[in-house]
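Here is how the chains run, residue by residue.
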Amino acid sequence: MASIPESKSENQLRLIKKYPNRRLYDTKTSSYITLADVKQMVLKQEEFQVVDAKSGEELTRQILLQIILDEESGGLPMFSSDLLSQLIRFYGNAMQGLMGTYLEKNIKAFHDIQKTLQDQSARLYGGDTTRGTQDLWAQFMNLQGPAMQSLMQAYMEQSQKMFAQFQDQMTSQARNMFTGIQFPGFPQQTKNDPEKKQ
């Protein structure tokens, strides 16, 4: 049975235990909490960890995904059906790991821009950062939108070229690796002329 060392959990992370009845128990406040409470922790950028009360299994990702599902089910969803379908197609794909890293880096960049705008808004508008941030964000998108679009397009084109080169290299390496080996049902290929059939 895996378990979380209590000293590490108490000193560094807010530990939340999930019981079989699906209830969440916050060890910091010694009380039961809801998903809405966990969402507030996320919004306040509090570090926490959710574990199964019996086995100690890590459940943080499951809880975060549940919060996203609840948010997507009500109100104004962030992800379109097309985007969700595209994400599903990446599971089990050779590019799955790269896609996760790509999304993570881009969301972080987006967050950094948002934080900069909030800081500028606080200086310009004083206490009313919500209105100021919205105004600055609108100005930023109006001014930077086309530039960001062309930058992203150039980035995507470069990524596609690099991926095509990577595919060519892998194909070439595979051909060189299996040159001279006769597979039943496939014509023999020579190392010097992989396209030539004997």
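As the structure is a prediction and not an experimental result, all values here were calculated from the model.

(A) Representation of the packing of helix H2 (residues 35-43) against helix H3 (residues 60-73) in the model. Between H2 and H3, whose axes approach to 10 Å, the crossing angle comes to 100 degrees. Considering the angle they form, H2 stands roughly perpendicular to H3. Contacts between H2 and H3 involve Leu35, Val38, Lys39 and Val42 from the first element and Ile63, Leu64, Gln66, Ile67, Asp70 and Glu71 from the second. Across the contact of H2 with H3, the residue classes break down as six nonpolar, one polar and three charged.

(B) Here's a closer look at H3. Between its terminal C-alpha atoms H3 stretches 20 Å, which fits the 20 Å expected from 14 residues at 1.5 Å a residue. Looking at H3, one finds that the buried residues are Thr60, Ile63 and Ile67. Seen from one end, H3 has its buried residues packed into an arc of 70 degrees, which puts them on one side. Turned more than 90 degrees away from the buried face of H3, the exposed residues are Arg61 and Ser73. Among the structural elements, strand S1 (14-18), strand S2 (24-26), H2 and strand S4 (48-52) are those in contact with the buried residues of H3. Of the residues trailing H3, Gly75 is marked for its positive phi of about 65 degrees.

(C) Spatial organisation of the confidence of the model for the protein. With 68% of its residues at a pLDDT of at least 70, the protein reaches an overall mean of 77. A low-confidence stretch, residues 1-10 (pLDDT under 50), is modelled with 17 contacts involving residues beyond four sequence positions or located in other chains.

(D) Inspection of the nonpolar core at higher detail. Formed by Ile16, Leu24, Ile33, Val38, Met41, Phe48, Val50, Leu59, Ile63 and Ile67, the largest nonpolar core amounts to ten residues. When contributions to this core are tallied by element, the ones reaching two or more residues are H2, S4 and H3. Setting aside anything within four residues of it in sequence, one finds Leu24 in contact with Ile16, Lys17, Lys18, Ser31, Tyr32, Ile33, Thr34, Leu35, Val38, Val50 and Ile63.

(E) Structural view of the pairing of S1. By the bridge criterion, five bridges tie S1 to S4 in an arrangement that is parallel. Residue Lys18 lies in a different strand from S4, and its bridge partner there is Asp52. Sheet analysis places S1 next to S2, joined by three bridges and oriented antiparallel. Looking at S2, one finds that Ile16 is bridged to Asp26. A loop of five residues connects S1 with S2, the two strands running antiparallel in sequence, and Arg22 in this loop sits at a positive phi of about 75 degrees.

(F) The sheet that holds S2, seen in detail. Within the open sheet, the four strands sit side by side as S3-S2-S1-S4. Their pairing is mixed. Here the strands that pair on one side only, and so sit at the sheet edges, are strand S3 (31-33) and S4. With strand direction ignored, the average angle separating the axes of adjacent strands in the sheet is 35 degrees. Strands S1, S2 and S4 of the sheet are contacted by H3, whose axis makes an angle of about 105 degrees with S4.

(G) Fine view of the pattern of salt bridges. Taken as a whole and assessed by the stated rule, the structure comprises four salt bridges. For Glu71, the salt bridge goes to Lys39, with nearest N and O atoms at 2.8 Å. Taken as a pair, Glu71 in helix H3 and Lys39 in helix H2 lie far apart in primary sequence, 32 residues in all. Taking the relative accessible area as the measure of exposure, Lys39 reaches 27% and is therefore partly exposed. The closest approach of N and O atoms between Asp112 and Lys108, which form a salt bridge, is 3.1 Å. With a gap of four residues between them, Asp112 and Lys108 both fall in helix H5 (residues 96-125), about one helical turn apart. Given a relative accessible area of 36%, Asp112 falls into the partly exposed group. A network of salt bridges, in which partner residues are shared, links Arg14, Asp26 and Glu46.

The rules behind each value
- Residues numbered from 1 in each chain as written.
- Predicted model: local features only at pLDDT ≥ 70, side-chain atom pairs only at ≥ 80, totals over all residues.
- Heavy atoms only, no water.
- Axes fitted to C-alpha atoms, helices over the stretch in contact; angles between N-to-C directions.
- Helix = DSSP H or I, 4+ residues; strand = E, 2+ residues; numbered from the N terminus.
- Parallel < 35°, antiparallel > 145°, perpendicular 65-115°, else oblique.
- Contact = heavy atoms within 4.5 Å.
- Nonpolar A, V, L, I, M, F, W, Y, C, P; charged D, E, K, R; others polar.
- Expected span 1.5 Å × (residues − 1).
- Buried < 20%, exposed > 50% of the residue type's maximum accessible area, 1.4 Å probe, protein only.
- Arc of directions from axis to C-beta.
- pLDDT = per-residue confidence, 0-100.
- Core = buried A, V, L, I, M, F, W, Y, C linked by side-chain atoms within 4.5 Å.
- Pairing = 2+ DSSP bridges.
- Salt bridge = Lys/Arg side-chain N within 4 Å of Asp/Glu carboxyl O.

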